[in-house]
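Observations on chain architecture
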Amino acid sequence: MQGKRILLGITGGIAAYKIAFLIRLLKKAEAEVKCIMTPASCDFISPLVVSTLSGNPVGIEFWNKKDGSWNNHVEYGLWADLFVVAPLTTNTLSKMAVGSCDNLLLATYLSMKTNTLVAPAMDLDMYTHASTQRNLDQLLKDGVGIIPVESGELASGLSGEGRMAEPETIFDAINSYFQSKFDPVYKGKNVLITAGPTYESIDPVRFIGNHSSGKMGYGIAHEFLKQGANVTLVSGPSNLSLEHPNLKLIRVKSADQMLEVVQGVWCECQFGVFAAAVADYRPKVQVNQKIKKSDEELTITLTKNPDILKWAGQNKKENQCLVGFALETNDLKNNATKKLEKKNLNMIVMNSLADSGAGFGVDTNKISILDNRNNFETFELKSKAEVAKDILLFLKNYIS
Ligand code: CTP
């Protein structure tokens, strides 16, 4: 459970108070927890309790009425490794079954990029009602996992089926979900990832850089961490951040600095995925003082940067697997094949700036992968988090 990102959706039933215990269990197991509450659930458990225990702000409304800031349901959907709705009331169940979207929790459900588990909680007559059973069936058909209700004393004073599963049972269900998803091939393996742009200094205030956000490299790092790997992420300047007990995030600016870190770490790693958009050239001379405006034209002489991926390929041992990226504007497969050979790679991930939704700065990517045994696969346009999963799966098939 360590480092897993669990998004908890809380709806308005009396069992909501038990979610405090579930959050405690998840936090003790070192999971990251964020919560979304329906407005009705705030009558059953205070958002202050939920935010304090989870260590994160709670999402309730689509937007904050005080400062106008927006709670982005799409970002919640991308962040989570698992969405758990507990307790799930009859009302929210029926809305999930038909795809209704009148609160943040429901919008997030519809934007979810990963699986959803629900723990229904209701009175026994509501639970056995034909419409409730029909809605639960619909959720199952939609791929939602249902943590069965328990039988016993209900808030109404009646006794029977409908009680929400106890927090320990929900915790076990979450744990089993991750166990079944866990891919042992990467467990305990050392992985080196480069991400983001590099900035090559011209003078103290200016640099040569590029539009890379680092999203692809950070997404790959997160996916390896989920699979139990130890990750060293060497990141050029990026606004992104990532935290995990098995992650070493080393921030650098220039290609030279990135190379230095890579040279110190690569020999200890089994996998390398080099997603950084490294500047191919840097100013030959770095001026110590700000360049003043003078002539109509200014010429800056550039000199070639080290090719970090090529260095890793040249120093690759039998037990190491190296993955590079190729961002091209034309003749994609041909150029990528040359890079695969020239840099002694096992695999190359290609993307084309000609494809809309692929490349720098966007949340999506459209890739093809080629390996050095001539296996080739093309993928649909997907979120970068999903693309990272495809890359790890292709790599797993390559090594097994
Ligand atoms: N790369 C690197 N160091 C460099 C340049 C590129 O490590 N100095 C890596 C990138 O991280 C990527 C791969 O090499 O994994 C390909 O980068 P790309 O810019 O597409 O290719 P180049 O080799 O620089 O060739 P060109 O720019 O001429 O297409």
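Let me sum up the structure you'll find in this document. (Residues numbered from 1 in each chain as written. Predicted model: local features only at pLDDT ≥ 70, side-chain atom pairs only at ≥ 80, totals over all residues. Heavy atoms only, no water.)

Attention now moves to the packing of helix α1 (residues 19-28) against helix α2 (residues 47-54). Viewed as axis vectors pointing N to C, α1 and α2 meet at an angle of 10 degrees, and their least axial separation amounts to 9 Å. Between α1 and α2, the angle is such that the two are roughly parallel. Contacts between α1 and α2 pair Ala20, Ile23, Arg24 and Lys27 from the former with Val49, Val50, Leu53 and Ser54 from the latter. When grouped by side-chain class, the residues that make up the contact of α1 with α2 number 5 nonpolar, 1 polar and 2 charged. (Axes fitted to C-alpha atoms, helices over the stretch in contact; angles between N-to-C directions. Helix = DSSP H or I, 4+ residues; strand = E, 2+ residues; numbered from the N terminus. Parallel < 35°, antiparallel > 145°, perpendicular 65-115°, else oblique. Contact = heavy atoms within 4.5 Å. Nonpolar A, V, L, I, M, F, W, Y, C, P; charged D, E, K, R; others polar.)

Right, let's talk about helix α5 (residues 104-111) for a bit. When you tally the buried positions in α5, you get 7 out of 8 residues, the bulk of the element. Of all the positions in α5, only Leu104, Leu105, Leu106, Ala107, Thr108, Tyr109 and Ser111 are classed as buried. Taken together, the buried residues of α5 touch β1 (5-10), β2 (32-37), α3 (73-79), β3 (82-88), α4 (90-98) and β4 (116-120). Measuring from the side-chain oxygen of the N-cap residue of α5 to the backbone nitrogen of leucine 105 gives 3.1 Å; that N-cap residue is asparagine 103. (Buried < 20%, exposed > 50% of the residue type's maximum accessible area, 1.4 Å probe, protein only. Polar contact = N/O pair within 3.5 Å; in protein donor to acceptor, adjacent residues only side chain to side chain.)

Around the ligand sit 14 residues, and of these Phe274, Ala276, Phe325, Lys339 and Lys343 come closest. Here an oxygen atom of the ligand and a backbone polar atom of phenylalanine 274 are 2.6 Å apart. Contacts to the ligand include lysine 343, whose side-chain N or O atom sits 2.6 Å from an oxygen atom. Protein contact buries 77% of the 570 Å² of open area that the ligand shows by itself. Within the residue set of the shell around the ligand, elements represented by two or more residues are α11 (308-314) and β16 (321-328). For the shell around the ligand, the leading source of residues is β16, giving 4 residues. For the shell around the ligand, the class distribution of residues is 9 nonpolar, 1 polar and 4 charged. (Near = heavy atom within 4 Å. Areas by Shrake-Rupley, 256 points an atom, 1.4 Å probe, with all protein chains shown as cover.)

Glancing now at the packing of aromatic side chains. The full count for this structure, using the stated rule, is 6 aromatic pairs. Ring geometry for tyrosine 186 and phenylalanine 271: centres 5.4 Å apart, planes at 70 degrees, overall edge-to-face. Taken together, the residues tyrosine 186 in the loop between α8 (167-181) and β8 (190-195) and phenylalanine 271 in strand β13 (residues 271-274) connect sequence positions 85 residues apart. Across the pair, exposure class does not vary: tyrosine 186 and phenylalanine 271 are buried alike. When the centroid spacing of 3.8 Å and the interplanar angle of 15 degrees are considered together, the rings of tyrosine 199 and phenylalanine 207 count as stacked. With a relative accessible area of 26%, tyrosine 199 lands in the partly exposed category. Pairwise contacts between aromatic rings join Tyr186, Phe224 and Phe271 into one cluster. In this structure, arginine 373 packs its charged tip against the face of tyrosine 398, placed 3.8 Å from the ring centre. (Phe/Tyr/Trp six-rings, centres within 6.5 Å; stacked < 30°, edge-to-face > 60°. Lys NZ or Arg CZ within 6 Å of the ring centre and 35° of its normal.)

Treat this as a map of the structure, not an account of what it does.
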